[in-house]
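A structural walkthrough
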Amino acid sequence: MLRARTEGVSPQVIVDRYHEQNEKSFARFGMSFDYYGRTSSPVHHETSQDFFKKLAKDDVFTLKSEEQLFDPEAGIFLADRFVRGTCPSCGYEDAYGDQCEKCGSSLSPEDLIEPRSAITNATPIRKKTSHWYLPLPKFQKRLEKWIGSHPEWKQNVLGQVKSWFNDGLRDRAVTRDLPWGVNIPEDVAKAKNTDASGKVLYVWFDAPIGYISATKEWAEQKGEPELWKKYWQEESTRLIHFIGKDNIVFHCLIFPAMLMAHGDYVLPENVPANEFLNLEGNKLSTSRDYAVWLDDYLKKFDADSLRYVLAGNLPETRDSDFSWKDFQARHNNELADILGNFINRTLIFNQKNFSGKVPPTGEYDELDRELIGKLKDVPVRLGELIEKYQFKAYTREFMDLARFANKYFNDKEPWKALKANNEACATTINLCIQTVRTLSILAEPILPFSARKIWKILGISENQEWDKAGELTLKEGHELNKAEILFSKIEDKTIEPEVRRLQEAAVPSAPAEQKEETEMDKINFDTFKQIELRVATILEAEKVEKANRLLKMQIDLGTEKRQIIAGIAEHYSPEELVGKQIVVVANLEPATIRGVESNGMLLAATNEEGNLSIITPQKAMPNGSKIS
Ligand SMILES: [Zn+2]
């Protein structure tokens, strides 16, 4: 709506444009959908209105009358992104009414300091309106029981859900005063003696219902209009939501509560949500053009390279960072130097010395048998990783197999064996070609375009069975096509403009000197000496209101008492911390976090799974002891 207003067109024009752009970009990245739906479709409007109607009829909602921010110039209520102002957590002056893009805090419009309308810049006034609320507290017990039956979910997801439960769920408004969206059915409003005019469903009420609507449209398109029920109303369904962490609350709590209230649908089986992917050390922002656009990317690079780098660097359990330098390094050092090199040298050697036909095998030695064993085991292991949504580990272990294959080629020295023992050389090359085939099948989920290229070179069909990925199926004498370079190196001069463009687009006042996680700069001893690390004891600890992750602690530093804030509430309860000795950076500038002052920082270790452990001296030490 905001963009439509800026461009002077209707919202429909904007949604049509992005729907088409996104659909095309997905296809160009080798991502296919059974059905690429949209929530502006008539089937969706009807499905979500029926859903709302059923819940209203069953008296699930609570109607509340309240004051909300209103833009007197535009004559419109200002919810979510329609209002901007200063973030109460970090002081960023251009935060949205639902979230601060700088520090990531989730906000409500009332939290903003000096709010202004995102439409007209006018100062909002408060105006009375009424809204429909989903009373989540009534569902908390059922939700807790249901989530409790899924201990296999990812720890970062369970951790976030648990902290929502600990804080106690609150009623959520499921309607908004907006001119765009799914209208509240008038008859439903009338039956409750309220007015539906100008009111639409909150986007996060109807968006997940969109999954049902899309299934309906897909079934209709297939000519089996009832088929959608098989997916939404039968126990055998495994409903999986692939989302980012900011949507955990909608997919693990609000939508399931809606489904429970409705009663006709299955609940999610798993919600393997990812954390955030940052870009060159800063948060992505499409509205500020601090992003990598797929269209631009494809003008310079291959889809597979980005797919590979993202799969290997997914923020599966904690935030991760995409940097162009890392992209270049992983493309060059892994895709080109390991995978591409192994495939290329195998095929070239075979072309030259066995006229492009799969050579015969003789007797296997120990190294041959080790390779054959890996070809059998790795696909099973990778299959399990996919089932567990561990795509990062998948990518790593896939490349490990290519690394092993490269080493196998080196150790066997087929160029020497060629003259001395032609049979051994033929066996080596036969097994290398079988390995190329195994790798191509395992590559498909992350490198679909390269997999297809390899199948073409190998002269095999695109319907390779996963279960046979590790078998030696290529027969002696099978003719291969001419090899081609799969991955050419990316040069510095290609990468540099991309880095520069992002530096220029970076959010003003964001730390520009942030380093990539992989790049470890050395510091000298004098720099280290500037950091004053001291032992302290925690005297008191309590939760920070409205901040799930934060604990406020009073600590004894020997010479003084201080207050510090730390993001450890998901890992430690306040009770278990009192009396513990910790290590703090004592000379850190004071900071105000969520309106609370923090005078120092405690040290803690974290791992890839998102576990956290505070650092404590191995023996009790007097408070204030210096660490060096
Ligand atoms: Zn902020």
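Residue indices begin from 1 for each chain and proceed along its sequence in written order. Residue-level local features of this predicted model are given only where pLDDT is at least 70; pairs of side-chain atoms are given and counted only at 80 or more, and the full residue set underlies all totals for whole chains, interfaces and linings.

1. A few points about the overall build of the chain
In this description a helix means any DSSP run of H or I spanning at least four residues, a strand means any run of E spanning at least two, and both kinds are numbered starting from the N terminus. The secondary structure content of the chain amounts to 20 helices and 21 strands. Each of the three principal axes of the chain carries a C-alpha extent, and together these read 90 × 75 × 45 Å. A burial count over the chain gives 31% of its 628 residues as buried. Counting other C-beta atoms within 10 Å of a residue's C-beta gives its exposure: the residue is buried at 20 or more, exposed at 12 or fewer, and partly exposed in between, where C-beta atoms are placed from the backbone.

2. As for helix α5 (residues 155-167)
Helix length check: α5 (13 residues) gives 18 Å between terminal C-alpha atoms against 18 Å at 1.5 Å per residue, within 8%. If you check which residues of α5 are buried, you get Asn156, Val157, Gln160 and Val161. Burial along α5 is one-sided: seen end-on, the buried residues are contained in an arc of 130°. Remark: glycine 168 follows α5 within two positions and exhibits a positive phi of approximately 85°. Under the convention used throughout, the expected extent of a helix is 1.5 Å for every residue step, that is, one less than its residue count. The directions from the helix axis to the C-beta atoms form the arc being described.

3. Considerations on the sheet that holds strand β5 (residues 113-117)
Two strands are counted as paired when DSSP detects at least two bridges linking them. With antiparallel pairing, three strands are arranged side by side in an open sheet as β4-β3-β5. Since the sheet does not close on itself, it has two edges, and those belong to β4 (95-96) and β5, each with one partner. Pairing analysis gives three bridges linking strand β3 (residues 83-86) to β5, with the strands arranged antiparallel. Within the sheet, the bridge partner assigned to valine 83 lies in β5 and is serine 117.

4. With respect to the pairing of strand β1 (residues 62-71)
Pairing of β1 with strand β6 (residues 125-134) involves nine bridges; the strand directions are antiparallel. Counterpart to leucine 69 in the pairing with β6 is arginine 126. With two bridges connecting them, β1 and strand β2 (residues 76-77) associate as antiparallel partners. Each residue of the ladder has a partner; that of phenylalanine 70, found in β2, is phenylalanine 77. The antiparallel pairing of β1 with β2 creates a hairpin that spans four residues between the two strands, and glycine 75 there sits at a positive phi of about 65°.

5. Thoughts on the domain arrangement of the chain
Boundary definitions for the domains trace back to an automatic or database domain assignment. Under the domain assignment, the chain is made up of domain 1 (7-32), domain 2 (61-134), domain 3 (297-468) and domain 4 (525-627). Taking only C-alpha atoms, the centre of domain 3 and the centre of domain 4 are 47 Å apart.

6. Examining the nonpolar core
Counting 45 residues, the largest nonpolar core has Leu339, Ala402 and Leu442 as the members making the most contacts within it. Looking at this core, the elements with two or more residues in it are α11 (303-312), α12 (324-353), α13 (366-387), α14 (391-412), α16 (422-443) and α17 (448-458). Among the elements that make up this core, the one with the highest residue count is α16 (12 residues). The contact criterion used here is simple: two residues whose C-beta atoms, placed from the backbone, lie within 7 Å are in contact. Leucine 442 has contacts with Val378, Pro379, Leu382, Phe398 and Ala469, leaving out every residue within four places of it along the chain. Think of a nonpolar core as buried Ala, Val, Leu, Ile, Met, Phe, Trp, Tyr and Cys residues, each tied to the set through C-beta atoms within 7 Å. Judged by nonpolar contacts, the second largest core, of 33 residues, contains Leu55, Leu143, Met258 and Ala273.

7. Considerations on the sheet that holds β1
An order of β2-β1-β6-β7 is seen for the four strands of this open sheet, with the pairing classed as antiparallel. Strands at the two margins of the open sheet, each flanked by one partner only, are β2 and β7 (172-173).

8. Observations regarding the environment of alanine 451
For alanine 451, the position within the fold is in helix α17. Separated by 147 residues in sequence, alanine 451 and aspartate 304 place their C-alpha atoms 9.7 Å apart.

9. Considering the environment of leucine 347
Residue position: leucine 347 is located in helix α12. Between the C-alpha atom of leucine 347 and that of leucine 458, which follows or precedes it by 111 residues, the distance is 9.1 Å. Contacts of leucine 347, omitting those with residues within four sequence positions, involve Ile457, Leu480 and Ala483.

10. Here we look at the environment of isoleucine 485
Here isoleucine 485 is to be found in the loop between α17 and α18 (492-505). Setting aside its immediate chain neighbours within four residues, isoleucine 485 contacts Gly340 and Asn344.

11. As for unusual backbone geometry
The residue aspartate 59 is not glycine, and still its phi comes out positive at about 60°. Mapped onto the secondary structure, aspartate 59 falls in the loop between α3 (42-57) and β1. By C-beta crowding, aspartate 59 is classed as exposed, having 8 other C-beta atoms within 10 Å. With phi around 50°, aspartate 80 is a residue other than glycine that occupies positive phi space. Within the secondary structure, aspartate 80 sits in the loop between β2 and β3. C-beta crowding within 10 Å serves as the criterion here: with 18 such atoms nearby, aspartate 80 is assigned to the partly exposed category.

12. Observations regarding the pairing of β6
The sheet contact formed by β6 and β7 spans two bridges and is antiparallel. Bridge pairing in β7 places leucine 134 opposite arginine 172.

13. What about α12?
Bend angle per residue: angle between axes fitted to the 7 residues ending at that residue and the 7 residues starting there. The largest bend in α12 is about 40°, located at asparagine 341. Looking at the residues trailing α12, positive phi occurs at serine 355, about 40°.

14. A word on the packing of α11 against α12
As a rule, the C-alpha atoms of each element are fitted with a line to give its axis, helices using only the stretch in contact, and angles between N-to-C directions run from 0 to 180 degrees. Interhelical geometry of α11 versus α12 gives an angle of 100° and a closest axis separation of 10 Å. Between α11 and α12, the angle falls in the class roughly perpendicular. Counted together, Ser305, Tyr308, Val309 and Gly312 of α11 and Phe327, Arg330, His331 and Leu335 of α12 form the full contact between these two elements. Each residue is assigned to one class: nonpolar for Ala, Val, Leu, Ile, Met, Phe, Trp, Tyr, Cys and Pro, charged for Asp, Glu, Lys and Arg, and polar for all the others, Gly among them. Split by residue class, the contact of α11 with α12 holds four nonpolar, three polar and one charged. For classification purposes, angles smaller than 35 degrees are called roughly parallel, those larger than 145 roughly antiparallel, those between 65 and 115 roughly perpendicular, and all remaining angles oblique.

15. Focus on the packing of α12 against α16
Two numbers describe how α12 lies on α16: the axes approach to 10 Å, and their chain directions differ by 140°. Of the possible angle classes, the one that applies to α12 and α16 is oblique. α12 and α16 meet at a crossing whose hand is left-handed. Together, Leu339, Ile343, Thr346, Phe349 and Asn350 of α12 and Ile429, Cys432, Ile433, Val436 and Leu439 of α16 make up the contact between the two elements. Each residue belonging to the contact of α12 with α16 can be placed in one class, and the counts come to eight nonpolar, two polar and no charged. Two helices crossing with the near one rotated counterclockwise from the far one by less than a right angle form a left-handed crossing, whereas a clockwise rotation gives a right-handed crossing.

16. Here we look at the confidence of the model for the chain
Each residue carries a pLDDT value, the predictor's own confidence for that position, ranging from 0 to 100. The predicted model of the chain has a mean per-residue pLDDT of 92, with 98% of residues at 70 or higher. For residues 509-519, every residue scores under 50 in pLDDT, and the model assigns this stretch 11 contacts once sequence neighbours within four places are set aside.

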